[in-house]
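Residue-level structure breakdown
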Amino acid sequence: MTAEIDIQNAIRRELGKLGHYVFRSNVGKILLPGGRIFDTGLPKGFPDLFGFRKSDGKIFFIEVKNEKGKLRPEQVKFQDAMSKQRVLCGVARSVEDAVRIVEGIECQNQK
């Protein structure tokens with residue numbers, strides 16, 4: 001089974017080669033030395049990758065899952081909300097899936 005981080009990295013490389021701007025998001029909280037809690041500030045369910053197309057500035061959101069990965073309820077909620085907007089969004093299980101999402105060929109919530 002492919003690790004999701006490996007799929008994410010491959011997607012980031014390919015989208016970069018295609019001239020798109022892509023960023024990795026980290027969601028959650030961690031306990032810092034000294035007992036302080038750091039919160040990323042992003043909402044639960046925010047996708048792994050987001051960015052915009054250089055050609056027209058259209059924003060995209062990509063949730064990355066491996067072959068067996070399933071969306072958590074918060075991720076489903078985020079994908080559903082974004083799919084009702086004028087943004088590109090979807091679940092990518094491969095580089096090819098991500099390219100289709102960014103090209104606007106595929107914008108679907110694949111559970």
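Scoring rules and cut-offs
- Residues numbered from 1 in each chain as written.
- Predicted model: local features only at pLDDT ≥ 70, side-chain atom pairs only at ≥ 80, totals over all residues.
- Heavy atoms only, no water.
- Patch = residues over 30% accessible without salt bridge, like charges linked within 9 Å, V, L, I, M, F, W, Y side chains within 5 Å.
- Areas by Shrake-Rupley, 256 points an atom, 1.4 Å probe, with all protein chains shown as cover.
- Salt bridge = Lys/Arg side-chain N within 4 Å of Asp/Glu carboxyl O.
- Lys, Arg positive; Asp, Glu negative; His and termini not counted.
- Charge placed at Lys NZ, Arg CZ, Asp CG, Glu CD.
- Helix = DSSP H or I, 4+ residues; strand = E, 2+ residues; numbered from the N terminus.
- Buried < 20%, exposed > 50% of the residue type's maximum accessible area, 1.4 Å probe, protein only.
- Contact = heavy atoms within 4.5 Å.

Turning our attention to a positive patch on the surface. A surface patch of positive charge is lined by Arg 12, Arg 13, Lys 17 and Arg 24. With three residues, helix H1 (residues 4-17) is the single largest residue contributor to the positive patch. Considering the arrangement of structural elements, one finds Arg 13 in helix H1.

This next bit is on a nonpolar patch on the surface. A surface patch of nonpolar side chains, amounting to about 330 Å² of accessible area, comprises Tyr 21, Phe 23, Phe 52 and Ile 59. Relative to the elements of secondary structure, Tyr 21 occurs in strand E1 (residues 21-24).

Before going further, it helps to examine the environment of Phe 78. Mapped onto the secondary structure, Phe 78 falls in helix H2 (residues 73-83). In this structure Phe 78 comes out as buried when scored by relative accessible area, which is 13%. Distance from Phe 78 to Val 64, taken between C-alpha atoms, is 13 Å for residues 14 residues apart in sequence. Each residue touching Phe 78, except ones within four places of it in the same chain, is listed here: Gly 45, Phe 46, Pro 47 and Phe 61.

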